[in-house]
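# Examining the three-dimensional arrangement
Here are the chains, one letter per residue:
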Amino acid sequence: MRSQNSSQAVLAIEDWQNAGFGLYLHWPFCQAKCPYCDFNSHVSDHVDQRRWLSAFRSEIARYGALTGGRVLSTIFFGGGTPSLMHPDTVAGILEAAQETWTWANDIEISLEANPTSIEAAKFDAFRDAGVNRVSMGMQALNDADLKRLGRLHSVDDGKRAFEIARNSFDRVSFDLIYARQDQTLADWEIELREALSMAVDHLSLYQLTIESGTAFGARYDRGLLRGLPDEDASADMYELTQALCADHGFPSYEVSNHAKNGAISKHNMIYWTYGDYVGIGPGAHGRVTVEGQKMATTTPLMPSKWLNQVEKTGAGDAEVETVSAEDQAVEMLMMGLRVNQGVDLIRLGDLGKKENFLNNINNLEEMNLLERGSGHLRVTPKGRPLLNAVLRDLLVD
Amino acid sequence: MTDLAKIRNFSIVAHIDHGKSTLADRLIQETGTVQDRDMKEQLLDAMDIERERGITIKANTVRIDYTADDGQAYVLNLIDTPGHVDFAYEVSRSMRAVEGSLLVVDSTQGVEAQTLANVYQAIDADHEIVPVLNKIDLPASDCDRVAEQIEDVIGIDATDAIQVSAKTGVGIHETLEAIVTKLPSPSGDPDAPLKAMLVDSWYDAYLGVIVLVRIIDGHLKKGDKIKMLSNGSVHHVDRIGVFRPAMETIDTLGPGEIGFLTASIKQVRDTRVGDTITHEKHGTTDALPGFKPSQPVVFCGLFPVDNAQFEDLRDAIEKLALNDASFSFEMETSAALGFGFRCGFLGLLHLEVIRDRIEREYDIELITTAPSVIYHVYLRDGEMIELHNPADMPDLSLVDRIEEPRIKATILVPDDYLGDVLKLCQDRRGIQQDLTYAGTRAMVVYDLPLNEVVFDFYDRLKSVTKGYASFDYQMIGYRQDFLVKMQVLVNEEPVDALSTMVHRDRAEMRGRAMCEKLKDLIPRHMFKIPIQAAIGGRVIARETLAALRKDVTAKCYGGDATRKKKLLEKQKAGKKKMRQFGKVDIPQEAFISALKMDS
């Protein structure tokens, strides 16, 4: 890292400054658990939001002490279902964040929301609390598939909530999951065209992934999850998605994310460009540079455990580990090759100079999977859908 | 030393699972040879693999003291022999050391192929044979039918067959009485010079080589200086004893007796099975007929999955070879698999046993290449090469003709499955020699090329007959056929470990099948991969493995960095376990699976 070079200490910046500084807050509660979701979510009827607010505020203060003087670029409420939070809880958290860090003038404050009427009723209050972008879990635009995905809303609910959202916020994104059971390429094209006609400035389009530890995972292992598209069908869907979105002014800027007129998710871009982010709440991860060392932080997964720990000990960490220079380079590639701009080769440090690594790049360039330009390494359109395989070949010894 | 008239030496002949080991356990228990508290199942099968698979690999011996109904005390020596065809040779030499056999047949199953193979060996050795019908406690038991079958198929009188349940103990006493009354006592001259047969030998970490002997004439005592007639080597006997089945030292072994000696011998290879042992001074010069040494017939390459374990593998193989003279090995290098060993085995089971022992006892993960037989390659200049590895096949222009080993296979099968068995044998280039019936069971005899059998014949046979067929074989010699070496090219590069010898008429079919298999076994890469089978330079089959089209994580945010990094590391480790051919990674299981035929 450049900061470790003392002769340049005056000019040196810490690596994270290449990408910015964000705050992630995890609200772990949901009304129901979705069968495909492997995020840390819990169903609970009784949540004492005042206790949770105090815990969040206390953690913000603790991290503030470690990262004093920084400018905060983004805040993201993720979950779980953060739209289940009381707007006062959101307001209280943002107040603490504002007291702790200097906010960037164009700070982006996003909140994930379920597209139901109950939550849509709170949108204005969230906006008044400071939220300026929502990301809605629409997931599908037909009722049968919404049911299969375990969603509680209907297409009509979703569209009504979306209308409310676009009136409340300038910036609205929504998620769809595709490559679903029994979905054909033609089905997806119709649905995607409708989505593009609705979209405001951002779309996240995820291929359904069967994760172990989920209800879908268990069903899949027992051979009961039928009708999933094979590799060729899902590749066709991916290609169609890229082309159709670009045609409609929503080019992809990341594997699964599309933005109009550059309205990218600045918070997520901090992850992909390997900036620093503080992660607060049960199961939240962070990467925070403290005294020149990049630290990886984790927290307890169980909501009650995290809450009690913060209240009793004043710190919500489960593990705090230094990320080695080599691991930083690997994470930087893993995240950075997902986005169009790619990875700044200088930031890879020693790895970027290893002969073996450079040979791997050459081989992958020959296959038209990677390319270099302006000091950056990025995947080609051909390489992007193969990114996992590209990474394996890139990092092999 | 025991009076000759009071000795009975016998073995037990049975098909696998017909209850041989359980019967041996009962005989040992009934006579009080082993205290009940020391009793465990399959007492004579010492190795884990023997117990697990329910098979006997090494011959084992037990001396049983039995006071018969006539009031006389007898010494019964049981040599328990392997039942499997791979170890037929061990069976034949053990048979020479005893005078009688119990023929154990499962009364619910009837005579099977291995019953036949082993009983013929007993008949060859002039044994008196006592039929025993086992498992009479089971509802499906049908003693009359099975007795009739023994008379029809084997041709020995089964009217007095003893009905036994080794499980419940019924008939065990009758069996002991039959051993005493029906089997002959050995003959021998106690006053003649020492003449003993070296029946078997194995290595013990504490005692050195243990030699199992059968005394023909004279006496053997502790402290004797003995001489091996084959090479004149002299050893000082430091221990003599018998097995009960634990080792028990005694002072003297006399004519007709079976026991062991140790004489500070370092290697099993220094003791030739079948050799004649006598005293250094005043010994006999009259050697026993002896046995020809057993020859490996099946060869394959064993390579460590982790190349760094090559030296460990060498160590493991050398240690195993100390105790198994029938197993041969030499170093082999493969472009694909790195350093390993080309090993020779008595048969497929022997191969599996050795491989399992290396993996289990020495904790080395192995890649096993396709088994091959020994081809006789006659060159134009008249020279004959024994080809153990298709990769070593000389240039075709130098070759005059190739001969391959053939076997006589005996298969017993319920007639419902006969059609499938005949088809299987025909598909494997078999020539039918005989087809007879015993009740509803057919006995087919085929002349088959060994190379069609060594690989997956037995698996296929079990599968097409739902496990109802039994199979045994013996080598019958070499015959010329139109054989060619088929190479497999992956992404235009030949993969030596996948080369096989095939019959020219079947090469296209085999080549297509292998290419199709490999197409499924090799994961998609980021480029398309041609997979070809070729003879010489000519491609005879081709498949194309399409390029990978999609492998990307859909969602990857801040919380995923650590998890996805671990996943990536795991995938990288998985990639390391594969073998690289040019730019292509081939999973290790492909080297065996590609050769399996589905029909």
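What counts and what doesn't
- For every chain, the first residue of the written sequence is number 1, and numbering continues from 1 onward in sequence order.
- Chain letters and ligand numbers both follow the written order, the letters beginning at A and the numbers at 1.
- pLDDT decides what is reported in this predicted model: residues at 70 or higher carry local features, side-chain atom pairs at 80 or more are listed and counted, and totals for whole chains, interfaces and linings draw on all residues regardless.
- Excluding hydrogens and water, the side-chain values take into account all heavy atoms of the structure.
- In DSSP terms, a helix is any run of H or I states spanning at least four residues, a strand is any run of E spanning at least two, and both are numbered starting from the N terminus.
- Every radius of gyration here is taken over C-alpha atoms, with the globule rule written as 2.2 Å times N^0.38, N being the number of residues.
- Exposed residues in this analysis have more than 50% of their type's maximum accessible area, buried residues have under 20%, and partly exposed residues fall in between, with area computed by a 1.4 Å probe over protein chains only.
- Contacts: residue pairs with any heavy atoms within 4.5 Å of one another.
- With residues, only the protein chains shown are counted as cover, and all accessible areas are computed by Shrake-Rupley using a 1.4 Å probe.
- As used here, buried area is the combined drop in accessible area, with a 1.4 Å probe, of two parts when they are placed together.
- Any Lys or Arg side-chain nitrogen found within 4 Å of a carboxyl oxygen on Asp or Glu counts as a salt bridge.
- Whenever a nitrogen or oxygen atom comes within 3.5 Å of another N or O atom, the pair is scored as a polar contact, on the condition that within protein one atom can donate a hydrogen and the other can accept it, and that pairs from neighbouring residues in sequence are kept only if both atoms are in side chains.
- As a working rule, the residues Ala, Val, Leu, Ile, Met, Phe, Trp, Tyr, Cys and Pro are called nonpolar, Asp, Glu, Lys and Arg charged, and the rest polar, with Gly in that last group.
- For helices, the axis comes from a line fit to the C-alpha atoms of the stretch in contact; other axes are also lines fit to C-alpha atoms, and the angle between any two N-to-C directions lies between 0 and 180 degrees.
- Note on terminology: angles under 35 degrees are roughly parallel, angles over 145 are roughly antiparallel, angles of 65 to 115 are roughly perpendicular, and the others are oblique.
- For a helix, the expected span equals 1.5 Å multiplied by the residue count minus one.

## Regarding the overall build of chain B
- For chain B, the count of helices and strands is 13 helices and 33 strands.
- Against the compact-globule benchmark of 25 Å for 599 residues, chain B has a radius of gyration of 27 Å, which places it among compact chains.
- Considering only C-alpha atoms, chain B reaches an extent of 85 × 70 × 55 Å along its principal axes.
- Per-residue burial for chain B yields a buried fraction of 58% across its 599 residues.
- By sequence separation, contacts in chain B at least 24 residues apart represent 69% of the contacts at least 6 residues apart.
- In the structure as shown, chain B presents an accessible area of about 24,800 Å², 47% of it carried by carbon and sulfur atoms.

## Looking at the interface of chain B and chain A
- The partner chain A presents 44 residues to the 27 residues of chain B that form the contact.
- Together, M526(B), R549(B) and Y557(B) form the three largest contributors to the area buried by chain B at its contact with chain A, with a combined 23%.
- Where chain B packs against chain A, one counts nine salt bridges.
- Between D551(B) and R392(A) there is a salt bridge, and its shortest N-O distance comes to 2.8 Å.
- Between the two partners, chain B and chain A, sit 25 residue pairs in polar contact (both at pLDDT 80 or more).
- In the side of chain B that touches chain A, the residues fall into 10 nonpolar, five polar and 12 charged.

## Some points on the packing of helix α1 (residues 20-30) of chain B against helix α6 (residues 172-182) of chain B
Residues and elements named next belong to chain B.
- Following both chains from N to C, one finds α1 and α6 inclined at 85°, their axes separated by 10 Å at the closest point. In terms of their interaxial angle, α1 and α6 are classed as roughly perpendicular. Residue-level inspection shows L23, R26, L27 and E30 of α1 in contact with α6, the latter providing I172, H173, T175, L176 and I179.
- Here the contact of α1 with α6 is built from residues that sort into five nonpolar, two polar and two charged.

## Some details on the packing of helix α13 (residues 355-366) of chain A against helix α14 (residues 387-395) of chain A
Residue and element names in this part refer to chain A.
- At a closest axis distance of 8 Å, the pairing of α13 and α14 adopts a crossing angle of 140°. As judged from the angle between their axes, α13 and α14 are oblique. Of the residues in α14, those in contact with F357, N360, I361 and L364 of α13 are V390, D393, L394 and L395.
- Its residues assigned to classes, the contact of α13 with α14 comprises six nonpolar, one polar and one charged.

## What to know about the pattern of salt bridges
- Going through the model one piece at a time under the given rule, you end up with 59 salt bridges over all chains.
- For the salt bridge of D232(A) with R524(B), the shortest nitrogen-to-oxygen distance reads 3.1 Å. One end of the pair, D232(A), is in helix α9 (residues 231-247); the other, R524(B), is in the loop between α11 (504-521) and β30 (529-535), on a second chain.
- Of the residues examined, R524(B) reaches a relative accessible area of 27% and is grouped as partly exposed.
- Here D286(B) makes a salt bridge to K195(B), at a shortest N to O gap of 3.0 Å.

## Examining helix α2 (residues 87-100) of chain A
All names here are of chain A.
- Helix length check: α2, at 14 residues, gives a terminal C-alpha distance of 20 Å against a target of 20 Å (1.5 Å per residue), a fit within 8%.
- Buried within α2 are the following residues: P87, T89, V90, G92, I93, L94, A96 and A97.
- Looking at the buried side of α2, the elements it contacts are β1 (21-27), α1 (49-66), β4 (71-79), β5 (102-113) and α4 (123-129).

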